[in-house]
Amino acid sequence: MKKNAIYLFANWKMYLDYDESNILANALASEAKNFDKRIKMAIFPSALSFYPVAQVFRDVGIGIGAQNVYWVDKGGYTGEVSANMYKEAGCEYALVGHSERRHLFGESLEETEKKFEAVLAAGLTPVLCVGETSAEKKNGITERVVKNQLESALKKISWPKGKEIIIAYEPVWAIGTGDACDPEEAQKIQEIIKETVKKTVPKAGYVAALYGGSVDGKNIGAFLAKSAIDGVLVGGASAKLKSWLEIIKESVKK
Ligand code: 13P
């Protein structure tokens, strides 16, 4: 069945410097009029490049998001940028709980929850990232880990009635490894995610489930063919014009 909306979210991580970010943003902006109307695209540039890239995308229908935020509005927090500051700079979305934040920077479940709340309070749309490590997968506890990540971020939240929730399932072992999850397996986890979110936040509107982890132009079709997968969150292949345009082209074939 054809999807009404296809989420193509690009996490540029720390792959691109200031000039490279601006060059890629301008190249995408000039292609944007050719994108299929069903595509909901959002780019997550580095904090340094955020503002100029946001300006480039302002009127071309490409959304913009923060890779990470701090939960306090303003103050003595060296090196941090708050959700409100991003909002003022034209931000629409923010990644929360990305596995690189959780595992490389030791972000706890409590910190993820505070960031999630701050993002929502600032009027941004959070993209909550969840996923198991390879050890957790081997131990057969994927479902438990994912449910725990979801519930700890969502349980105390007062969610605006009917507002859409976006969750990205990104198995840690599939990120940047070239070893993407089996689409059938991702579909099963996304069904669990949708069910858990609906139970935890009954007021929520549509629950959009994205898959992330070694997505490229060759495998995106198989993920989007799955009914519970609404789109993708892409790292490496989104930071180069050629591979991102290939993903865009392949995404609308289903
Ligand atoms: P890759 O697409 O490079 O595997 O990264 C996925 C990811 O972490 C997106 O947030």
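Residues numbered from 1 in each chain as written. Predicted model: local features only at pLDDT ≥ 70, side-chain atom pairs only at ≥ 80, totals over all residues. Heavy atoms only, no water.

Asker: Is there a simple way to explain the packing of helix α5 (residues 109–121) against helix α7 (residues 142–154) in this structure?
Answerer: The description of two packed helices rests on the angle between their axes and on the distance between the axes. At a minimum axis separation of 8 Å, α5 and α7 run at an interaxial angle of 50°. Between α5 and α7, the angle is such that the two are oblique. Considering the relative orientation of α5 and α7, their crossing is right-handed. When α5 is examined against α7, the residues L109, E113 and F116 are found in contact with a partner set consisting of N148, Q149, S152, A153 and L154. A breakdown of the residues in the contact of α5 with α7 according to their chemical character gives 4 nonpolar, 3 polar and 1 charged. (Axes fitted to C-alpha atoms, helices over the stretch in contact; angles between N-to-C directions. Helix = DSSP H or I, 4+ residues; strand = E, 2+ residues; numbered from the N terminus. Parallel < 35°, antiparallel > 145°, perpendicular 65-115°, else oblique. Left-handed = near helix turned anticlockwise from the far one by under 90°. Contact = heavy atoms within 4.5 Å. Nonpolar A, V, L, I, M, F, W, Y, C, P; charged D, E, K, R; others polar.)

Asker: Is there a simple way to think about the environment of G90 in this case?
Answerer: Checked against the element boundaries, G90 lands in the loop between α3 (83–88) and β4 (93–96). C-alpha of G90 to C-alpha of E164: the two residues are 74 residues apart in sequence and 20 Å apart in space. If sequence neighbours within four positions are ignored, G90 has contacts with F50 and I64.

Asker: What exactly am I supposed to notice about the sheet that holds strand β1 (residues 6–11) here?
Answerer: Pairing between the strands of a sheet is mediated by backbone hydrogen bonds and can be parallel or antiparallel. Pairing is parallel in the closed barrel, where 8 strands are placed in the order β1-β2-β3-β4-β5-β6-β7-β8. Each adjacent strand pair in this sheet contributes to an overall mean axis angle of 25°, direction not counted. Strands β5 (125–130), β6 (165–169) and β7 (207–211) of the sheet are contacted by helix α8 (residues 183–200), whose axis makes an angle of about 150° with β7. Sitting on the sheet, helix α10 (residues 241–251) touches β1, β2 (39–44) and β8 (231–234), and the angle it makes with β1 is about 170°. (Pairing = 2+ DSSP bridges.)

Asker: I'm lost on the nonpolar core in this one. Help?
Answerer: Note on soluble globular proteins: their nonpolar side chains tend to be buried together. Ranked by size, the top nonpolar core spans 68 residues in total, and within it W12 and W244 carry the most contacts. Those residues in contact with W244, other than ones at most four positions away along the chain, are L8, F9, A10, L28, M41, I43, V234, A237 and S238. Judged by nonpolar contacts, the second largest core, of 13 residues, contains A42, Y93, L210 and L233. (Core = buried A, V, L, I, M, F, W, Y, C linked by side-chain atoms within 4.5 Å. Buried < 20%, exposed > 50% of the residue type's maximum accessible area, 1.4 Å probe, protein only.)

Asker: Would you mind going over the pairing of β7 with me for this structure?
Answerer: Both faces of the sheet carry side chains from a regular strand, because those side chains alternate between them. For β7, a buried count of 5 out of 5 residues is recorded, marking the element as mostly surrounded by other parts of the structure. Both faces of β7 are covered, namely the face carrying V207, A209 and Y211 and the face carrying A208 and L210. Note: β6 against β7, 5 bridges, orientation parallel. By the bridge assignment for β7, I165 is matched with V207. Between the parallel pair β6 and β7, the chain is carried across by α8, and the sense of this crossover is right-handed. Here 2 bridges tie β7 to β8, and the two strands are oriented parallel to one another. In the strand pairing of β8, Y211 is matched with V232. (Right-handed = clockwise from strand over helix to strand, strands pointing away.)

Asker: It is not clear to me how the packing of α7 against α8 should be interpreted in this structure. Could you clarify?
Answerer: At their nearest, the axes of α7 and α8 sit 10 Å apart, and the two run at 30° to each other. Judged by the angle between their axes, α7 and α8 are roughly parallel. As α7 packs across α8, the resulting crossing turns out to be right-handed. The residues of α8 that touch α7, namely those facing T142, E143, V146, K147, L150, E151 and L154, are I189, I192, I193, T196, V197 and T200. Within the contact of α7 with α8, the residues separate by chemical class into 7 nonpolar, 3 polar and 3 charged.

Note that all results are geometric; they support no functional claim without further evidence.
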